[in-house]
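What follows is each chain in one-letter form.
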Amino acid sequence: MIRFEHVTKRYADGTAAVDDLSFEVAEGELVTLVGPSGCGKTTTMKMVNRLIEPTSGRIRVAGEDIAGVDPVELRRRIGYVIQQVGLFPHKTVLENTATVPHLLGWQRKRARERAAELLDLVGLDPSVYGDRYPDQLSGGQRQRVGVARALAADPPVLLMDEPFGAVDPVVRERLQSEFLRLQSQVRKTVLFVTHDIEEAVRLGDRIAVYGHGKIEQLDAPAVVLGAP
Ligand code: ADP
Ligand code: ADP
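Chains are numbered independently. Their residues run from 1 in the order of the written sequence. Ligands are numbered from 1 and chains lettered from A, in the order in which they are written. Local features are withheld for residues below a pLDDT of 70 in this predicted model, meaning they are given only at 70 or higher, and side-chain atom pairs are given and counted only at 80 or more; totals for whole chains, interfaces and linings count all residues. Side-chain metrics rest on all non-hydrogen atoms present in the structure, leaving aside hydrogens and water.

Going by the annotation in an unreviewed UniProt entry, the name recorded for the protein chain is ABC-type quaternary amine transporter, with Streptomyces luteoverticillatus given as the source organism.

Novice: Help me understand the packing of helix H7 (residues 139-151) against helix H8 (residues 169-186), please; the structure alone is not making it clear to me.
Specialist: The geometry of a pair of packed helices is captured by two quantities: the angle between their axes and the separation between those axes. What counts as an axis is a line fitted to C-alpha atoms, over the stretch in contact for a helix, and the angles between N-to-C directions run from 0 to 180 degrees. Numbering goes from the N terminus for both helices and strands, where a helix is a DSSP run of H or I of at least four residues and a strand is a run of E of at least two. Where H7 meets H8, the axes come as close as 10 Å, and the angle between the chain directions of the two elements is 20°. Taken together, the axis directions place H7 and H8 in an arrangement best described as roughly parallel. Where H7 crosses over H8, the two elements pack in a sense that is right-handed. Counted together, Gly140, Gln143, Arg144, Val147 and Leu151 of H7 and Val171, Arg174, Leu175, Glu178 and Leu182 of H8 form the full contact between these two elements. Residues are grouped as follows: nonpolar covers Ala, Val, Leu, Ile, Met, Phe, Trp, Tyr, Cys and Pro; charged covers Asp, Glu, Lys and Arg; every other residue, Gly included, is treated as polar. When grouped by side-chain class, the residues that make up the contact of H7 with H8 number five nonpolar, two polar and three charged. Each angle receives one of four descriptions, namely roughly parallel if under 35 degrees, roughly antiparallel if over 145, roughly perpendicular if within 65 to 115, and oblique otherwise. Helix crossings fall into two classes, left-handed where the near helix is turned counterclockwise from the far one by less than a right angle and right-handed where it is turned clockwise. Contact criterion: two residues are considered in contact whenever any of their non-hydrogen atoms come within 4.5 Å of each other.

Novice: Looking at this model, I keep getting lost on the site of ligand 1. Mind explaining?
Specialist: The rule for a residue being near a molecule or strand is that one of its heavy atoms must lie within 4 Å of it. Neighbouring ligand 1 are Tyr11, Ala17, Pro36, Ser37, Gly38, Cys39, Gly40, Lys41, Thr42 and Thr43. In the analysis that follows, any N or O atom pair within 3.5 Å is treated as a polar contact, provided that within protein one partner can donate a hydrogen and the other can accept it, and provided that, for residues neighboring in sequence, both atoms belong to side chains. In this structure, Cys39 approaches ligand 1 through a main-chain N or O atom, which is 3.1 Å from an oxygen atom. Between an oxygen atom of ligand 1 and a main-chain N or O atom of Thr42, the distance comes to 2.7 Å. Look at ligand 1: alone it shows 560 Å² of surface, and the protein chains cover 56% of it. Among the elements that line the shell around ligand 1, the one with the most residues is helix H1 (residues 41-48), at three residues. Note on areas: Shrake-Rupley with a 1.4 Å probe; residue coverage comes only from the protein chains shown.

Novice: Sorry if this is basic, but what is going on with the site of ligand 2 here?
Specialist: Taken together, Tyr129, Arg132, Asp135, Gln136, Leu137, Ser138, Gly140, Gln141, Arg144, Val171 and Arg174 make up the full set of residues adjacent to ligand 2. Within the backbone of Gly140, an N or O atom sits 3.4 Å from an oxygen atom of ligand 2. When isolated, ligand 2 has an accessible area of 560 Å², and the protein chains bury 53% of it. Of all the secondary structure elements, the ones that give two or more residues to the shell around ligand 2 are H7 and H8. Ranked by residues supplied to the shell around ligand 2, first place goes to H7 with three residues. A class-by-class count of the residues in the shell around ligand 2 yields three nonpolar, four polar and four charged.

Novice: Which parts of the structure should I look at to understand the environment of Arg76?
Specialist: Here Arg76 lies in helix H2 (residues 71-77). Note: C-alpha distance between Arg76 and Val100 (24 residues apart in sequence) is 7.7 Å. What Arg76 contacts, discounting residues up to four positions off in sequence, is Leu103, Leu104 and Ala153.

Novice: What am I meant to see in the nonpolar core here?
Specialist: Side chains of nonpolar character tend, in soluble globular proteins, to be buried together. Only buried residues count toward a nonpolar core. Its members are Ala, Val, Leu, Ile, Met, Phe, Trp, Tyr and Cys residues joined through side-chain atoms within 4.5 Å. Buried, partly exposed and exposed residues are distinguished by accessible area as a fraction of the type maximum, computed with a 1.4 Å probe on protein chains only: under 20%, between the cut-offs, and over 50%, respectively. Within the largest apolar cluster, 33 residues are counted, with the highest numbers of intra-cluster contacts made by Leu119, Val145, Val147, Leu158, Met160, Phe179 and Phe192. Put simply, the parts of the chain that give this core at least two residues each are helix H3 (93-97), helix H5 (108-121), H7, strand E7 (157-161), H8 and strand E8 (189-194). When near neighbours in sequence (up to four residues on either side) are disregarded, Phe179 contacts Leu30, Leu158, Met160, Phe164 and Phe192. Core analysis: the second largest hydrophobic core is formed by 26 residues, Leu21, Phe23, Cys39 and Ala208 among them.

Novice: Where do I start with the packing of H5 against H7 in this structure?
Specialist: Between H5 and H7, the least distance of the axes is 9 Å, while the angle of their chain directions is 130°. Regarding the angle of H5 to H7, the classification is oblique. For H5 against H7, the interelement crossing comes out right-handed. Touching Arg114, Leu118 and Leu119 of H5 are Val145, Ala148 and Leu151, all from H7. Among the residues making up the contact of H5 with H7, the classes are represented as five nonpolar, no polar and one charged.

Novice: Would you mind going over the pattern of salt bridges with me for this structure?
Specialist: Pairing is possible between side chains of opposite charge, provided their charged atoms come close. For this document, the term salt bridge refers to a Lys or Arg side-chain nitrogen within 4 Å of an Asp or Glu carboxyl oxygen. In this structure the tally under the stated criterion is 14 salt bridges. A salt bridge links Arg50 to Glu53, with the nearest nitrogen and oxygen atoms 2.9 Å apart. Take Glu53: its relative accessible area is 35%, and that puts it in the partly exposed class. A single network of salt bridges, built from pairs that share partners, joins Arg3, Glu5, Glu24, Arg58, Arg60 and Asp65.

Novice: Please clarify how the sheet that holds strand E1 (residues 2-10) should be interpreted in this entry.
Specialist: The strands making up a sheet associate through backbone hydrogen bonding, with each pair oriented either parallel or antiparallel. Across the sheet, four strands lie side by side as E2-E1-E4-E5; this open sheet has antiparallel pairing. Looking at strand neighbours, the two that pair on one side only are strand E2 (16-25) and strand E5 (64-65), the edges of this open sheet. Sheet topology note: the E1/E2 ladder contains six bridges and is antiparallel. Its bridge partner being in E2, Phe4 is matched across the sheet by Phe23. Any two strands with at least two DSSP-identified bridges between them are counted as paired.

As structure tokens, this is what we get:
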């Protein structure tokens with residue numbers, strides 16, 4: 001579903017943040033990108049929705065070279081969740097979640113029904129939380145809204161950049177279990193950046209272990225951990 005072909009990204013100072021990277025993520029697979037800070041994980045992810053353009057190489061999503069896809073169109077097809085999800089402060093939780101369906105031109109009623117469904121899916125009862133504003137939620141709840149919003153247009157691909165990195169460990173564990181349950185239902189193709197190896201092991205079908213600009217190993221968690 002996502003395929004990197006000899007992708008290199010050099011920033012202005014000339015160093016390769018991502019260096020001749022080739023790998024593939026299968027449909028419905030969740031690959032965690034793990035490694036120390038600065039090794040190229042976020043750069044890898046942001047090239048998939050064209051927030052960053054590769055210096056050379058090709059990226060395909062569902063077989064299509066994304067260099068030929070309008071970035072705005074591409075971002076509608078790819079869900080994106082970051083560490084501190086930016087919600088519209090003057091919109092309710094339900095309105096925030098319905099943003100993308102609105103942009104896609106859905107009828108207001110249908111967009112709101114879809115939003116309520118998604119809030120349910122991420123463990124937020126829409127009848128309790130739907131009319132709240134973002135500052136009336138805990139950090140963990142805001143991240144859940146971020147996941148719901150990213151799923152709103154039912155994108156085949158989900159990019160997650162340390163989505164549970166800014167919440168305390170207890171909440172993080174709960175978000176991880178909920179996300180696993182959610183993923184077993186929706187089966188998105190997911191790239192998930194984390195610097196937490198435990199999180200990478202728990203969530204990943206496979207783990208991509210990064211060194212400087214390169215994937216040093218891409219295997220199932222048990223293999224990465226050295227089990228026979
Ligand atoms: P990670 O996500 O693994 O922490 P990044 O992909 O953010 O790593 O960064 C990889 C390398 O590219 C780092 O050395 C970082 O300093 C550099 N880098 C990232 N973004 C930029 C930028 N906009 N301009 C210049 N260098 C950058
Ligand atoms: P979570 O595990 O989802 O992060 P917390 O344990 O942080 O939740 O919060 C527990 C409860 O407190 C939640 O039901 C949430 O609605 C409520 N809560 C947290 N922060 C706020 C706030 N700023 N305003 C209103 N309610 C809040």
